[in-house]
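Examining the three-dimensional arrangement
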Amino acid sequence: MKAQNYILVLLIAFSCTMCNSSKKEKEDSIATEKVSKTDNDKHAVLTPADSLKMVNHTIEVKGDVEFPLQLSVDSLKKMKVVTIDNFKVVCQSGEVKKDNKVCKGVLLKDILEKAKIKQDGHKDRNFYIVARASDDYKATFSWAEIFNNPTGENAFVLFEENGKPLKSGEMIAICKNDIKTGPRHVYWLKSIEVYRVK
Ligand SMILES: Nc1nc2c(c(=O)[nH]1)N[C@H]1C(S)=C(S)[C@@H](COP(=O)(O)O)O[C@H]1N2
Ligand SMILES: [Mo]
């Protein structure tokens, strides 16, 4: 009887260790997942003072353009201002991040036409346009999208939401007809860069 009890206790103890080790493995894999997410996926949490440093009063339009520009909210207001209704910012995850009633902005196309892309003949149209922020977050557009596609009428630089200045910096690049609008919603906008595909 005693030996049987002893074996039983041993068996129970053994199975418990097995349980714990597999649980530990699971915990380890969750930890690695968390680490890899913080690397690139997660937003850095900034203090109000640090996020203030990200704000730009002008955006630079540069690269392969005839007339490099420095644009402020005031200079955008002097261009053709459009009103954008019901603009939602939806993250790639599906989460609704922002639901604005009315925004004001200027077409990215109008800005690029003002800066005039350096085109060498009508077949020279392989350009990409980078909207870059102070934290180096970026979104990319193509010449064809802006100048030969309905997206050209849907890509904007915003400067106002619900009658007030924007909260995340002074200007934001957006593309209203994207399926998920989060990825090409660039706040703390710093530059619009035009490059010819090499
Ligand atoms: N400058 C800048 N713009 C950015 C981001 C960012 O990290 N930096 N994040 C993007 C992402 S992933 C989403 S979903 C939307 C909304 O982000 P928010 O939740 O930080 O407002 O903004 C986009 N624009
Ligand atoms: Mo996102």
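Cut-offs used in this document
- Residues numbered from 1 in each chain as written.
- Chains lettered and ligands numbered in written order.
- Predicted model: local features only at pLDDT ≥ 70, side-chain atom pairs only at ≥ 80, totals over all residues.
- Heavy atoms only, no water.
- Near = heavy atom within 4 Å.
- Polar contact = N/O pair within 3.5 Å; in protein donor to acceptor, adjacent residues only side chain to side chain.
- Areas by Shrake-Rupley, 256 points an atom, 1.4 Å probe, with all protein chains shown as cover.
- Nonpolar A, V, L, I, M, F, W, Y, C, P; charged D, E, K, R; others polar.
- Buried < 20%, exposed > 50% of the residue type's maximum accessible area, 1.4 Å probe, protein only.
- Helix = DSSP H or I, 4+ residues; strand = E, 2+ residues; numbered from the N terminus.
- Pairing = 2+ DSSP bridges.
- Core = buried A, V, L, I, M, F, W, Y, C linked by side-chain atoms within 4.5 Å.
- Contact = heavy atoms within 4.5 Å.
- Axes fitted to C-alpha atoms, helices over the stretch in contact; angles between N-to-C directions.
- Salt bridge = Lys/Arg side-chain N within 4 Å of Asp/Glu carboxyl O.

What surrounds ligand 1 is the set H43, V89, C91, K97, A133, D135, Y137, G182, H185, Y187 and W188. Between ligand 1 and the protein, one listed contact pairs a nitrogen atom with a side-chain N or O atom of D135 at 2.7 Å. For ligand 1, the protein covers 82% of the area, taking 510 Å² as the surface of the free molecule. In terms of residue class, the shell around ligand 1 is made up of 6 nonpolar, 3 polar and 2 charged.

Counting buried residues along strand β7 (residues 155–161), 7 of its 7 residues qualify, which places the element largely inside the surrounding structure. The pairing of strand β4 (residues 96–107) with β7 spans 5 bridges and is classified as antiparallel. Within β7, the position partnered with L107 by the bridge is F156. Here β7 pairs with strand β9 (residues 172–175) via 4 bridges, running antiparallel. Residue pairing in the sheet places V157 in a bridge with A173 of β9. Pairing between β7 and strand β8 (residues 164–165): 2 bridges, direction antiparallel. Within the sheet, the bridge partner assigned to E161 lies in β8 and is K164. Hairpin connection of β7 to β8: 2 residues between the antiparallel strands, including N162 at a positive phi of 45°.

Here we come to the nonpolar core. Judged by nonpolar contacts, the single largest core of 34 residues is most densely connected at L76, I111, F141, V157, M171, L189 and I192. I111 has contacts with V61, L69, L71, L76, M79, V106, V157 and I192, leaving out every residue within four places of it along the chain.

For the rest of this paragraph, the subject is the sheet that holds strand β1 (residues 58–63). Strands sit in the order β2-β1-β10-β5-β6 across an open sheet of 5 strands; the sheet is mixed. The open sheet has two edge strands, β2 (69–72) and β6 (138–142), and neither has a second partner. Ignoring strand direction, the axes of neighbouring strands in this sheet form an average angle of 20°. Two elements, strand β5 (residues 127–133) and β6, share 5 bridges in a ladder whose sense is antiparallel. Bridge pairing links R132 to K138 in β6.

Inspection of the sheet shows strand β3 (residues 81–90) paired to β4 by 9 bridges, in the antiparallel sense. Each residue of the ladder has a partner; that of F87, found in β4, is N100. Where β3 folds back on β4, the antiparallel hairpin that results is connected by 5 residues, among which G94 adopts a positive phi of roughly 100°.

Here we take up the pattern of salt bridges. In the structure shown here, the tally under the stated rule is 12 salt bridges. K62 is the partner of E60 in a salt bridge, and the nearest nitrogen-oxygen pair spans 3.9 Å.

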